[in-house]
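# Close look at the chain arrangement
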Amino acid sequence: MGKTLLLLSLLLCSFIIDLEASRQDLNQPYRTGYHFQPPSNWMNDPNGPMVYKGIYHLFYQYNPYGAVWDVRIVWGHSTSLDLVNWTPQPPAFSPSQPSDINGCWSGSVTILPNGTPVILYTGIDQNKSQVQNVAVPVNISDPYLREWSKSPANPLMAPNAVNGINPDRFRDPTTAWMGHDGEWRVIVGSSTDDRRGLAVLYKSRDFFNWTQATKPLHHEDLTGMWECPDFFPVSITGTDCLETSSFGEVKHVLKVSLIETLHDYYTIGSYDREKDVYVPDHGFVQDGSAPRLDYGKFYASKTFYDDVKKRRILWGWVNESSPAKDDIEKGWSGLQSFPRKIWLGESGNELLQWPIEEIETLRETQVKWDNKVLKAGSTIQVHGVTAAQQADVDVSFKVKDLEKADVIEPSWTDPQKICSEEDLSVKSGLGPFGLMVLTSNDMEEYTSVYFRIFKSNDTKYVVLMCSDQSRSSLNEENDKATFGAFVAIDPSQETLSLRTLIDHSIVESYGGGGKVCITSRVYPKLAIGENTNLFVFNKGTQSVDVLGLNAWSLKSAQINGERVSPFSECEDSHSLNQY
Ligand SMILES: OC[C@H]1O[C@@](CO)(OC[C@@]2(O[C@H]3O[C@H](CO)[C@@H](O)[C@H](O)[C@H]3O)O[C@H](CO)[C@@H](O)[C@@H]2O)[C@@H](O)[C@@H]1O
């Protein structure tokens, strides 16, 4: 009898949770259903993601006092069983000791060989200098790692007269890796006064006593401050991902977040373990040639190795595009991108990214199309996606009449500029074609994500992917810049795929099977709640085939306990899942 009652009440609880999930708080139309965010206030960089004893952890730069950034920022903390549903934990740590009294800034986790996770993070010390500190779990048998203790030996790395490091430009330690000689290595972002970006290298035998190496791991002139570096190996033999200290049949990736452009760039190259230097295969960022992890709003990203599913997962901070006054009014600011699997593409020249498979647990109603012709100038509604403001859409296109593509002008080298210049769109024979998402009933508001195909003079094709926010909202105060990137794909041989995750105020798109990602923030006034529609369109002068389209409404995830129900025993999703 007791068991039956318990079961019934659990069923009721999960019904209420589902009901709550399908509702949208119209006072908060921009809060997301499945993108990570704290219940309120400011969030920026993802910090120290990891999996420990089967529990995923995400720390993040969090201001407990308001919806704008503050120097005395703390490490917010949440845990998850599946990287989709998240339970809030108390902040891991806040400013408390001389070496971080003015702020606990970004950093990373390293799992030591005995399985203990250790955090290296930047502290803003009593002199407002940036220094590197360590924190360790108080109780390693607690899988939630709720308490952290800072070492009295902090700071472990600091600017001084001998090393000449600028105390305002020395931050964001990476996950450390073990070298061939049994010594740990870690890099810290920095720059010189003449804008040489640096990955300052430190070494240690015991993880607590660190010595600066004679040379940085890598540097590049005229790139400015390198924030939030990330350095990790990728397999050259398949899509399997590797633990950070792995070596063998690998390439290495160095990612830096450039403060001067607020974009995350990466290079793929070789790491010489003997000399402790990294050499990128191609150039870096000063000539604009380095690829970006995302061509939209995405910064200060960080990866971790998930040894449960043998994959590397990428998180990135997705900033607001709204004025600070709006953030203060809504009481929060900042999202994290949906976690993405990241690996080396077959060409060896580019990274591929894809939403982690766990997103499928949120899928509800599905709409499926096979082989539809998108005539020139047509717009077709995708009916049946019941929650068009919370959806996962995957569409693939095939273009037949490639010879009708316009020739790209030699001066059109900046994809974002091509996407932004509206007069160009009328010239194109092939495209724009793609998706119109978060579209209001009368099409006054919409965000379009699309491709255009050009011919280059040497008879190759150039595929452009754009995310256009210019019509996304009647509110004129937001930043509605259009984003764009070239996709390295040959449309004469391959289909063109576009996957877009829609979540109220974020549109996260993956082009060419994850070769290009573009994330945007939008704030529709009309396209909210049930007044949100989804379309496939072709504004070009030639027809395009939709080979297939799959679109799913997504239910809300449990993100940090914000969907409060009147039944308090229903609120802890993890305890529910464990029955
Ligand atoms: O929270 C500190 C960590 O954030 C990083 C990278 O995002 O540096 C941020 C930075 O501050 C600017 O960015 C804030 C949001 O990230 C912004 O709101 C603030 O107004 C900016 O000043 O911190 C320094 C000092 O202000 C600045 O140079 C950076 O861009 C990361 O590097 C930090 O660890």
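The residue numbering used here restarts from 1 in each chain and proceeds along that chain's sequence as written. Selection of residues for local features in this predicted model requires a pLDDT of at least 70, selection of side-chain atom pairs for listing and counting requires 80 or more, and totals for whole chains, interfaces and linings are taken over all residues. Side-chain calculation: all heavy atoms of the structure are included, whereas hydrogens and water are not.

## Some points on the overall build of the protein chain
Scanning the protein chain from N- to C-terminus turns up 4 helices and 37 strands. Burial analysis of the protein chain (579 residues in total) assigns 61% to the buried set. Whether two residues touch is decided by their heavy atoms; if any such pair falls within 4.5 Å, the residues are in contact. At a minimum sequence separation of 6, the contacts of the protein chain that also span at least 24 residues come to 64%. Per-residue and other accessible areas follow the Shrake-Rupley method at a 1.4 Å probe size, with only the shown protein chains counted as cover for residues. When the accessible surface of the protein chain is totalled, it reaches about 22,900 Å², and 52% of it is carbon and sulfur. His is not counted here, nor are the chain ends, while Lys and Arg score as positive and Asp and Glu score as negative. Note on charges: their place is set at NZ of Lys, CZ of Arg, CG of Asp or CD of Glu. Side chains of the protein chain give 52 positive and 73 negative charges; the mean places of these two sets differ by 2 Å. Strands here mean DSSP runs of E at least two residues long; helices mean DSSP runs of H or I at least four residues long; both are numbered from the N terminus. When a residue's accessible area, from a 1.4 Å probe over protein chains only, is under 20% of the maximum for its type it is buried; when over 50% it is exposed; and in between it is partly exposed.

## Quick word on the packing of aromatic side chains
The aromatic pairing rule takes the rings of Phe, Tyr and Trp, using the six-membered ring of Trp, and pairs them if the centres are within 6.5 Å, calling planes under 30 degrees apart stacked, those over 60 edge-to-face and the rest tilted. Evaluation of the coordinates by the stated rule reveals 30 aromatic pairs. Each ring, one from Phe 433 and one from Phe 451, has its centre 6.1 Å from the other, and the planes form 55 degrees; the classification is tilted. On the criterion of sequence distance, the pair formed by Phe 433 in strand 29 (residues 430-439) and Phe 451 in strand 30 (residues 447-455) is long-range, its members being 18 residues apart. You can call Phe 433 buried: its relative accessible area is 0%. By way of ring pairs, the aromatic residues Phe 36, Tyr 60, Tyr 62, Trp 86 and Trp 315 are connected into one cluster. Charge over a ring is defined by NZ of Lys or CZ of Arg lying within 6 Å of the ring centre and within 35 degrees of the ring normal. Positioned above the aromatic ring of Phe 247 is the side chain of Arg 273, whose terminal nitrogen or guanidinium carbon lies 3.9 Å from the ring centre.

## Section: the domain arrangement of the protein chain
How big an interface is tends to be stated in terms of the accessible area lost upon association of its parts. As used throughout, domain bounds are those supplied by an automatic or database domain assignment. On domain assignment, one finds that the protein chain holds domain 1 (44-355) and domain 2 (363-554). Computed from C-alpha atoms alone, the centre-to-centre distance between domain 1 and domain 2 is 32 Å. If you look at the interface, domain 1 gives 24 residues, while domain 2 gives 24 residues. The junction of domain 1 with domain 2 conceals about 2,100 Å² of combined surface from both sides, 53% of it contributed by carbon and sulfur atoms. Looking only at domain 1, the three residues that lose the most surface to domain 2 are Tyr 295, Ser 321 and Trp 354, adding up to 30% of its buried area. By definition, a salt bridge exists where a carboxyl oxygen of Asp or Glu is found within 4 Å of a side-chain nitrogen of Lys or Arg. In this structure, the connection of domain 1 to domain 2 is made through 5 salt bridges. The residue Lys 297 makes a salt bridge to Asp 479 at a minimum N-O spacing of 3.7 Å. Polar contacts here mean pairs of N or O atoms no more than 3.5 Å apart (in protein, one a potential hydrogen donor and the other a potential acceptor; neighbouring residues in sequence count only if both atoms are side-chain atoms). Summed over the shared surface of domain 1 and domain 2, the number is 14 residue pairs in polar contact (both at pLDDT 80 or more). If you list the elements that add at least two residues to the side of domain 1 that touches domain 2, you get helix 2 (324-330) and strand 24 (351-355). When residues in the side of domain 1 that touches domain 2 are grouped by element, the largest group, 5 residues, is from strand 24. Residue composition of the side of domain 1 that touches domain 2, by class: 11 nonpolar, 6 polar and 7 charged. Defined here as a combined quantity, buried area equals the accessible surface (1.4 Å probe) lost by two parts on assembly, summed across both. For this classification, Asp, Glu, Lys and Arg are treated as charged, while Ala, Val, Leu, Ile, Met, Phe, Trp, Tyr, Cys and Pro are nonpolar and the rest, including Gly, are polar.

## Here's the deal with the site of the ligand
We call a residue near a molecule or strand when any one of its heavy atoms sits within 4 Å of it. Neighbouring the ligand are 13 residues; Asp 45, Gln 61, Trp 69, Arg 171 and Asp 172 lie closest to it. Between Asn 44 and the ligand, the recorded distance is 3.1 Å, taken from a side-chain N or O atom to an oxygen atom. When the free accessible area of the ligand is taken as 610 Å², the share hidden by the protein chains comes to 72%. Looking at the shell around the ligand, the elements that each hand over two or more residues are strand 1 (41-52) and strand 5 (104-111). Ranked by the residues each element gives to the shell around the ligand, the list is headed by strand 1, at 3 residues. When its residues are assigned to classes, the shell around the ligand shows 6 nonpolar, 3 polar and 4 charged.

## Brief notes about empty space enclosed by the protein
In this analysis the probe radius is 1.4 Å and the grid spacing 1 Å, with only protein atoms considered; a cavity is a set of points the probe fits into but cannot get out of, a pocket is an open set with protein on both sides within 12 Å along at least five of seven lines, and lining residues have an atom within 4 Å of a point. Grid points are joined across faces, edges and corners, and a volume is the space filled by probe spheres set on the points. Under the definition given, this model contains 3 cavities of 30 Å³ or more. Considered as a void within the structure, the largest cavity measures approximately 40 Å³ in volume. Surrounding the largest cavity, Trp 177, Met 178, Phe 231, Thr 244, Ser 245, Ser 246, Phe 247, His 252, Tyr 271 and Arg 273 form its lining. Of the residues belonging to the lining of the largest cavity, the class tally is 5 nonpolar, 4 polar and 1 charged.

## Observations concerning the nonpolar core
Nonpolar cores are built from buried Ala, Val, Leu, Ile, Met, Phe, Trp, Tyr and Cys residues. Side-chain atoms within 4.5 Å join them into one set. Membership of the largest hydrophobic core comes to 40 residues, with the highest contact counts inside it found for Val 382, Phe 397, Phe 451, Val 536 and Leu 549. In terms of residue count, strand 29 provides more of this core than any other element does, 5 residues in total. In contact with Val 382, not counting residues within four places along its chain, are Val 367, Trp 369, Leu 534, Phe 535, Val 536, Leu 549 and Ala 551. Grouped together as the second largest cluster of nonpolar side chains are 26 residues, Met 43, Val 84, Ile 313 and Ile 559 included.

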